[in-house]
Amino acid sequence: MYPEASDVKWATKGQYAVANFTLPQTAQGSNNAWYGKSDGNWDMTERDIPYGALPEAVRNAFESSEYGQWRVDDVDMIERKGTETIYVIEAEGLLDGRPTEIDLYYSPDGILVKQVIDADEDYDYGDFIMPEPAGSIEEFINQNYPGARIIDIDIEYGYTEVEIIDGRTVRELLFGENASWIYTKTELRRSEVPKNIMDIFNASEYSAYRTDDIDHYATADNGEFYRFELEAPGDDMEIDIYADGTITVVDKGWDNPGVPGPDGPGDGGQGGSIEQFIEENYPGARIIERDYDDGYIEIEIYHDGREKKLYFNGREEWVRTEWDVRRQELPQAVEDAISAQYPDYRIDDCEYIETPQGEWYLVEIEKGEREIELRISPDGTIL
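Now for a description of the structure that goes with this document. In this numbering scheme, every chain counts its residues from 1 along its sequence in written order. Thresholds applied to this predicted model are a pLDDT of at least 70 for local features of residues and 80 or more for the giving and counting of side-chain atom pairs; totals over whole chains, interfaces and linings are not thresholded and use all residues. Side-chain metrics rest on all non-hydrogen atoms present in the structure, leaving aside hydrogens and water.

## Points about the sheet that holds strand S4 (residues 42-48)
Pairing in this open sheet of eight strands is antiparallel, and the strands run S1-S2-S3-S4-S5-S6-S7-S8 from one edge to the other. Because the sheet does not close on itself, it has two edges, and the strands there are strand S1 (6-13) and strand S8 (112-117). Between one strand and the next, the sheet's axes are offset by a mean angle of 20 degrees, whatever the strand orientation. In short, DSSP must find at least two bridges between two strands for them to pair. Secondary structure is summarised from DSSP: a helix means a run of H or I of at least four residues, a strand means a run of E of at least two, and numbering begins at the N terminus for each. Both S4 and strand S5 (residues 71-80) contribute to a ladder of five bridges, which runs antiparallel. In the sheet register, Glu-46 faces S5, and the bridge partner there is Ile-78. Axis definition: a line fitted to C-alpha atoms, limited for helices to the stretch in contact. Angles are taken between N-to-C directions and run from 0 to 180 degrees.

Here is the structure:
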């Protein structure tokens, strides 16, 4: 495969033999090719390439993104058996005032398919190798999404999750036992939601809630619906809206390891570093949802009678925990600090934030059309 390779060094990683080598055209970079130890078959090659070697569509997508002004630290080209090349741009910049690294995964035509914040420095893409999907899964995708490209496959908890690019739309498909299709999930912008669905939402009792995310689900058992993730003072919730006007509130209290709710498997009982952190810091908590949010791993738990969201970076290091609080739960020192400095403002929303750097209340106040967010420590210090 690489007749010009030199300085070849071999290592074993799990079930793979990995060759690290140099090529004349990438003399300044590193190349790693992964082969199955049992059969010698090639599965993946990762190469360092210069930024200028990226496809034009990838460069244009990155430079027009919110990270386009960040410093590019490294660029990797990932070739894998059975799918197209993926390009990873590692960029550095400030996120919420904090120095941050982000890995942005692009298809050759510039579609952002994944992002990871503060990935492990030793990450080698070993878990990005795609397992062979069951033939019936490929057949289902070819029949229902003709021309779609499979980007990633994960097999966990006995379920197979497949990420595809359908045209220029990224979709997630979940398959259960015997490769049976469970659902297809597509993230939508508000402008992409059909008018009749938005009309139903706007006429509902939930219209005053702030919309955080909207996903479209096509399911094997429940037909199609649109899931709205909503936020309001002291009350976060999710609702499903069907085209016939039916609205159901999502019950996120399932507690069977490995049994999928509409958002995928539950806690699964894996016992990894994240689960261990939760067990040690939030004893008795029940994990009710695991997802990805803007490059972070987002874990939703039920603890001490309320829902809390925990965020971890790509190294599975805890970044923050947040949950809604009612106004009457604010310490008197916090109330006094707000009324002293902003006497004419009304408290609209309150959250409690825990981070490795400290804890505070995030309070949204408003006066007319003006809104201000305050970070206030429990002793009333405005941060």
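## Focus on the pairing of S5
The pairing of S5 with strand S6 (residues 86-95) spans seven bridges and is classified as antiparallel. Across the sheet, the residue bridging to Asp-76 is Val-88, located in S6. Here S5 folds back onto S6 in antiparallel fashion, the turn holding five residues, of which Gly-82 has a positive phi close to 85 degrees.

## A short note on the nonpolar core
By size, the foremost hydrophobic cluster in this structure holds 20 residues, and its most contacted members are Leu-54, Phe-62, Ile-102 and Tyr-106. Of all elements in the fold, only helix H1 (56-63), S5, S6 and strand S7 (98-106) reach the threshold of two or more residues within this core. Tallying contributions element by element places S6 first for this core, with four residues. Two residues form a contact once any of their heavy atoms are found within 4.5 Å. Each residue touching Phe-62, except ones within four places of it in the same chain, is listed here: Tyr-51, Tyr-67, Gly-68, Trp-70, Val-72, Ile-89, Ala-91, Leu-104 and Tyr-106. As used here, the term nonpolar core means buried Ala, Val, Leu, Ile, Met, Phe, Trp, Tyr and Cys residues forming a set that is joined through side-chain atoms within 4.5 Å. Whether a residue is buried, partly exposed or exposed follows from its accessible area with a 1.4 Å probe, protein chains only, as a fraction of its type maximum: under 20%, in between, or over 50%, in that order. The next biggest cluster of nonpolar side chains, apart from the first, holds 17 residues, and it includes Ile-86, Ile-111, Val-116 and Tyr-125.

What is shown is where atoms sit, not what they do.
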